[in-house]
Amino acid sequence: MNTTSVLFYLFSAVLLLASFKVITARSTVHAALFLVLAFFNASCVWMLLKAEFLAITLVLVYVGAVMVLFLFVVMMLDINTDSMRQGFWSHFPMAGFIGALIALEMYLVLKGGFQVSDAPALSEQAVKFGNTRMLGIEIYTQYLYPVQIAAVLLLVAMVSAIALTLRKRKDSRYQDPGEQVRAKAADRVRLVKMDASVDEPATSDTAQGGKA
């Protein structure tokens, strides 16, 4: 057993343990942190498989963006998960059976792609430039139109999300930054000149009548 095999089994064991802790951790923040650990170990496994582009994409996109967003949302909402976790272990046998069945089906479908002996040999160009550059060449030559269609769909989804978020509500109050910038000192404070007025003192008859 060489060093690559030892690292593969080590990263895989940590990945399985972190994945199990994601669904069994009592704290939502701890579950998100265990998911970050699982993503890191998955990227390490991809590095051992010489898939550097997928590894760095997993770290940058999921760990650097998605999981940070999850952590902010979880910490801001402060969701009480105790009521949501009631009856978890009572449903665990059925969930474990379904998970094992899905894993078996994935194994039966994907086992043909893990035959190392049947894998095609790498061309001299792939060895020279690396899989990242070859992946870019394949994406922007053979799969150019699917990539453009996916980009347009993502752009439409992003614009739609922004449009739904920026809808004005009648019962909401907001400030106009343009009016705030154009405001001057004369508009903020208005000095009004008024004539001085002095109240007349009360007469003695009025004061005595009030006492009576």
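The shown structure was predicted, so the numbers you read here are calculated from the model rather than taken from an experiment.

**Here's the deal with the overall build of the protein chain**
Then comes step 1: Each helix and strand counted, the protein chain has 10 helices and 0 strands in total.
Then comes step 2: Burial status across the protein chain gives 11% buried among its 212 residues.
Then comes step 3: Partitioning the contacts of the protein chain with sequence separation of at least 6, the portion at a separation of at least 24 is 57%.
Then comes step 4: As displayed, the protein chain offers around 18,600 Å² of accessible surface, 66% of which is attributable to carbon and sulfur atoms.

**Quick notes on a nonpolar patch on the surface**
Then comes step 1: There is a patch of nonpolar side chains on the surface, built from Met94, Phe97, Ile98, Leu101, Ile102, Leu104, Met106, Tyr107, Leu108, Val109 and Leu110 and spanning about 1,100 Å² of accessible area.
Then comes step 2: Tracing the backbone through its elements, the reader meets isoleucine 102 in helix H4 (residues 92-110).
Then comes step 3: Take isoleucine 102: its relative accessible area is 43%, and that puts it in the partly exposed class.

**Some remarks on the nonpolar core**
Then comes step 1: With 8 residues, the main nonpolar core is built from Ala32, Val36, Phe39, Ala42, Leu58, Val63, Met67 and Leu71.
Then comes step 2: Those elements that provide at least two residues to this core are helix H2 (28-48) and helix H3 (52-77).
Then comes step 3: Setting aside chain neighbours within four positions, we find valine 36 in contact with Val63 and Met67.

**Looking at unusual backbone geometry**
Then comes step 1: Even without being a glycine, lysine 50 presents a positive backbone phi close to 65°.
Then comes step 2: Within the secondary structure, lysine 50 is located in the loop between H2 and H3.

**Some remarks on the side chain of asparagine 41**
Then comes step 1: With respect to the secondary-structure elements, asparagine 41 resides in helix H2.
Then comes step 2: Judged by relative accessible area, which is 7%, asparagine 41 ranks as buried.
Then comes step 3: Within polar-contact distance, the side chain of asparagine 41 engages the backbone oxygen of leucine 37 at 2.7 Å.
Then comes step 4: Residues within four places of asparagine 41 in sequence aside, it is in contact with Phe11, Val14 and Leu15.

**Remarks on the packing of H2 against H3**
Then comes step 1: One way to put it is that H2 packs onto H3 with a least axis distance of 9 Å and a crossing angle of 175°. In terms of orientation, H2 lies roughly antiparallel with respect to H3. Counted together, Thr28, Val29, Ala32, Leu33, Leu35, Val36, Phe39, Phe40, Ala42, Ser43, Trp46 and Met47 of H2 and Glu52, Leu54, Ala55, Leu58, Val59, Tyr62, Val63, Met67, Leu71, Val74 and Met75 of H3 form the full contact between these two elements.
Then comes step 2: Residue composition of the contact of H2 with H3, by class: 20 nonpolar, 2 polar and 1 charged.

**As for the UniProt feature "transmembrane region" (unreviewed entry) in the protein chain**
Then comes step 1: Taking the numbering used here, the UniProt-annotated feature "transmembrane region" (unreviewed entry) corresponds to residues 6-24, 31-49, 55-77, 89-110 and 143-166.
Then comes step 2: Strand forms 0% of residues 31-49 and helix 95%; the C-alpha atoms that close the span are 27 Å apart.
Then comes step 3: As annotated, residues 89-110 comprises 86% helix and 0% strand, and the C-alpha atoms at either end are separated by 31 Å.

**Points about the packing of aromatic side chains**
Then comes step 1: Under the criterion given, the structure shown has 2 aromatic pairs.
Then comes step 2: Taking the centre distance of 5.7 Å and the plane angle of 70° together, the rings of phenylalanine 8 and tyrosine 9 count as edge-to-face.
Then comes step 3: Judged by its relative accessible area of 33%, phenylalanine 8 is partly exposed.
Then comes step 4: Their ring planes at 50° and their centres at 5.4 Å tell us that phenylalanine 39 and tyrosine 62 sit as a pair that is tilted. With phenylalanine 39 in helix H2 and tyrosine 62 in helix H3, this residue pair connects regions lying 23 residues apart in the sequence.
Then comes step 5: Take phenylalanine 39: its relative accessible area is 17%, and that puts it in the buried class.
Then comes step 6: Judged by its relative accessible area of 40%, tyrosine 62 is partly exposed.

Parameters and conventions
- Residues numbered from 1 in each chain as written.
- Predicted model: local features only at pLDDT ≥ 70, side-chain atom pairs only at ≥ 80, totals over all residues.
- Heavy atoms only, no water.
- Helix = DSSP H or I, 4+ residues; strand = E, 2+ residues; numbered from the N terminus.
- Buried < 20%, exposed > 50% of the residue type's maximum accessible area, 1.4 Å probe, protein only.
- Contact = heavy atoms within 4.5 Å.
- Areas by Shrake-Rupley, 256 points an atom, 1.4 Å probe, with all protein chains shown as cover.
- Patch = residues over 30% accessible without salt bridge, like charges linked within 9 Å, V, L, I, M, F, W, Y side chains within 5 Å.
- Salt bridge = Lys/Arg side-chain N within 4 Å of Asp/Glu carboxyl O.
- Core = buried A, V, L, I, M, F, W, Y, C linked by side-chain atoms within 4.5 Å.
- Polar contact = N/O pair within 3.5 Å; in protein donor to acceptor, adjacent residues only side chain to side chain.
- Axes fitted to C-alpha atoms, helices over the stretch in contact; angles between N-to-C directions.
- Parallel < 35°, antiparallel > 145°, perpendicular 65-115°, else oblique.
- Nonpolar A, V, L, I, M, F, W, Y, C, P; charged D, E, K, R; others polar.
- UniProt positions renumbered as here; feature names shortened; annotations may be inferred.
- Phe/Tyr/Trp six-rings, centres within 6.5 Å; stacked < 30°, edge-to-face > 60°.

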